[in-house]
Amino acid sequence: MREFPKITDPIFVKKELKGMDKFFATKIRDERDLPFIYLIIKITFILIPSAILLYSPLLQGNLWWGGAAFHLFLCIIVFLGPYTLMLHNTSHRPFFKKENEIWNKYIPWILGPFMGQSPELYFIHHMGMHHNEGNMPEDKSSTMPFQRDSFFNFLHYYLRFLFIGIIELTQYFFSKKKNALGIKAARAEFLYLSFLALLCVFVNWGATMAVFIIPLLIIRLAMMSGNWGQHAFVDPDEPDNDYTSSITCINSGYNQKCFNDGYHIGHHLVPNMHWTDMPVELQNNLQKYSDNKSLIFEGLDFQIVWILLMLKRYNTLANHLVNINGNTFASKEEAIQIMKHRTKRFSKEKLQFYTQ
């Protein structure tokens, strides 16, 4: 285990704005989100032209395959994580000012399909359902019904989301008397998948696979494994306690690249907290995290946590676990015992109890 370290994740440092920063700061609600502008520009002028090129007759044979591989590298390795977390943050906090609000559609509607996202479905699922339910049993992406260190349980979780997730989401909204959201979610997914099918049949199936379908499968896998990692450890005695139903990952390259997404406990505590405030919130409330025996990992991200759980590498997880004040966990063995306790599947009786 580790002592609480110096935080190296990004925080906001006020500086004088010049040039393009000064111009764009007048268009958006919060100057702390200026990095999103430059990410939008990069995706627009690098990834989209790459996609268009794959549909054009300019690339043929081996040259096309090389272009497709390079495009997937750009999409999945370079842009997918930052884009998804930009989408996440702008779902919680509108990006552009009211007079420029039409541009808030650009991230989900124009960029989204190139990043495997059905326009608006992420917002509907995340804001309309996940944050309302907070990983409790009525959350259709809840990890509680599963053994969270079992690959076969995760495979069930992922395939269920992939093939019937939209049906379950629609049913959820109808059960909550939010019929308009249910219809909107189903319509968004149907139109998106229909659009991809038409591109495959009538335009270019190979380019459609590389530009749209492979990113769709990858991001849905990444979102489910990420959510699994975020909510793999759930205290069976207090599953609605945000301090013990999620984890926090600090000092990782992932946080540098993906806007402090590792601070998931803080995010559930205050869903609209700005991403640059999250390291400060953690440091200001260390005693609360310690009192709840919250799991804080240094140098890991949610995907690595997921992989380590699939391999049942609790010893490695414990080596990265932060022991606040040196007394949150009495020993490494106790920490491992707590982690194993929190990954256990909830019984049907318990799940029913928490849905009442």
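Cut-offs and rules
Residues numbered from 1 in each chain as written. Predicted model: local features only at pLDDT ≥ 70, side-chain atom pairs only at ≥ 80, totals over all residues. Heavy atoms only, no water. Helix = DSSP H or I, 4+ residues; strand = E, 2+ residues; numbered from the N terminus. Rg over C-alpha atoms; globule rule 2.2 N^0.38 Å. Buried < 20%, exposed > 50% of the residue type's maximum accessible area, 1.4 Å probe, protein only. Contact = heavy atoms within 4.5 Å. Areas by Shrake-Rupley, 256 points an atom, 1.4 Å probe, with all protein chains shown as cover. Lys, Arg positive; Asp, Glu negative; His and termini not counted. Charge placed at Lys NZ, Arg CZ, Asp CG, Glu CD. Phe/Tyr/Trp six-rings, centres within 6.5 Å; stacked < 30°, edge-to-face > 60°. Expected span 1.5 Å × (residues − 1). Bend = angle between axes of the 7 residues up to and from the residue. Polar contact = N/O pair within 3.5 Å; in protein donor to acceptor, adjacent residues only side chain to side chain. UniProt positions renumbered as here; feature names shortened; annotations may be inferred. Pairing = 2+ DSSP bridges. Axes fitted to C-alpha atoms, helices over the stretch in contact; angles between N-to-C directions. Parallel < 35°, antiparallel > 145°, perpendicular 65-115°, else oblique. Left-handed = near helix turned anticlockwise from the far one by under 90°. Nonpolar A, V, L, I, M, F, W, Y, C, P; charged D, E, K, R; others polar.

A.B. asks: Would you explain the overall build of the protein chain in this entry?
C.D. replies: Within the protein chain, the regular secondary structure consists of 17 helices and two strands. Taking 2.2 N^0.38 as the reference for a compact globule, 356 residues should give roughly 21 Å; the C-alpha atoms of the protein chain span a radius of gyration of 21 Å, in line with that estimate. Principal-axis analysis of the C-alpha atoms places the extent of the protein chain at approximately 65 × 50 × 45 Å. Counting every position in the protein chain, which comprises 356 residues, the buried fraction comes to 55%. Long-range contacts, defined as pairs at least 24 residues apart, comprise 71% of the intrachain contacts of the protein chain with a sequence gap of at least 6. Total accessible area computed for the protein chain in this model is approximately 16,900 Å², and 62% of it derives from carbon and sulfur atoms. Of the charged side chains in the protein chain, 35 are positive and 30 negative; the average position of the first set lies 4 Å away from that of the second.

A.B. asks: Honestly, the packing of aromatic side chains in this entry has me stumped. Any pointers?
C.D. replies: Remark: the centre distance and the inter-plane angle together describe each pair of aromatic rings, the angle taken between the planes. For the coordinates displayed, the defined rule picks out 25 aromatic pairs. Between Phe 151 and Phe 152, the ring centres sit 6.1 Å apart and the planes meet at 70°, which makes this aromatic pair edge-to-face. The class for Phe 151 is partly exposed, based on a relative accessible area of 40%. Taking relative accessible area as the criterion, Phe 152 reaches 67% and is therefore assigned exposed. When the ring of Phe 154 is compared with that of Tyr 158, the centres are 6.4 Å apart and the planes differ by 5°; the resulting orientation is stacked. A residue pair is termed a helical-turn pair when its members lie 3 or 4 positions apart in one helix, as Phe 154 and Tyr 158 do in helix α6 (residues 151–175) at four residues. In this structure, Phe 154 and Tyr 158 share a single accessibility class: buried. An aromatic cluster is defined as three or more aromatic residues linked by ring pairs; in this entry it consists of Phe 146, Phe 154, Tyr 157, Tyr 158, Trp 228 and Trp 306.

A.B. asks: Could you clarify how one ought to interpret helix α8 (residues 205–230) in this entry?
C.D. replies: Residue pairs three or four apart in sequence face the same way in an α-helix, which turns once every 3.6 residues. Compared with an ideal rise of 1.5 Å per residue, which puts 26 residues at 38 Å, α8 spans 35 Å between its outermost C-alpha atoms and is within 8% of the ideal. If you look at α8, its biggest bend is around 35°, right at Ile 213, and the proline Pro 215 turns up within four residues after that. For α8, the N-terminal capping position is held by Asn 204, with its side-chain oxygen 3.1 Å away from the main-chain nitrogen of Gly 206.

A.B. asks: Where do I start with the UniProt feature "transmembrane region" (unreviewed entry) in the protein chain in this structure?
C.D. replies: UniProt records the feature "transmembrane region" (unreviewed entry) at residues 36–58, 64–85, 106–124, 154–174 and 195–219, using the numbering of this structure. Here residues 154–174 runs as 100% helix and 0% strand, with 27 Å between its end C-alpha atoms.

A.B. asks: What exactly am I supposed to notice about the pairing of strand β2 (residues 295–298) here?
C.D. replies: On a regular strand, one side chain projects to one face of the sheet and the next to the other, so that they alternate. On β2, burial covers both faces: Leu 295 and Phe 297 on one face and Ile 296 and Glu 298 on the other are all buried. As judged from the four bridges shared by strand β1 (residues 247–250) and β2, these two strands associate in the parallel manner. What sits directly across from Cys 249, in β2, is Phe 297.

A.B. asks: Mind showing me how you'd approach the packing of helix α3 (residues 61–92) against helix α5 (residues 121–133) here?
C.D. replies: What describes two packed helices is the angle between their axes and the distance between those same axes. The geometry of α3 relative to α5 is characterised by a closest axis approach of 10 Å and an angle of 60° between their N-to-C directions. If you check the angle between α3 and α5, you find them oblique. Crossing angle aside, the handedness with which α3 passes α5 is right-handed. Contacts from Thr 84, Leu 87, His 88, Ser 91 and His 92 in α3 reach Tyr 122, Phe 123, His 126, Met 127 and His 131 in α5. When the residues that make up the contact of α3 with α5 are grouped by side-chain class, the tally is four nonpolar, six polar and no charged.

A.B. asks: Where do I start with the UniProt feature "domain: Fatty acid desaturase" (unreviewed entry) in the protein chain in this structure?
C.D. replies: In the UniProt entry, the feature "domain: Fatty acid desaturase" (unreviewed entry) is given for residues 64–279. Span residues 64–279 is 65% helix and 2% strand, its end C-alpha atoms 44 Å apart.

A.B. asks: Whenever I open this one, the environment of Asn 179 confuses me. Can you help?
C.D. replies: Turning to its location among the elements, Asn 179 is positioned in helix α7 (residues 179–202). If sequence neighbours within four positions are ignored, Asn 179 has contacts with Phe 173 and Phe 174.

A.B. asks: Would you explain unusual backbone geometry in this entry?
C.D. replies: In most cases, non-glycine residues show a negative phi, while peptide bonds are predominantly trans. The phi torsion at Phe 259 lies on the positive side, around 55°, for a residue other than glycine. Taking relative accessible area as the criterion, Phe 259 reaches 9% and is therefore assigned buried. Although it is not a glycine, Asn 325 adopts a positive phi angle of roughly 60°. Residue position: Asn 325 is located in the loop between α15 (314–320) and α16 (332–342). Classification of Asn 325 by relative accessible area gives exposed; the value is 53%.

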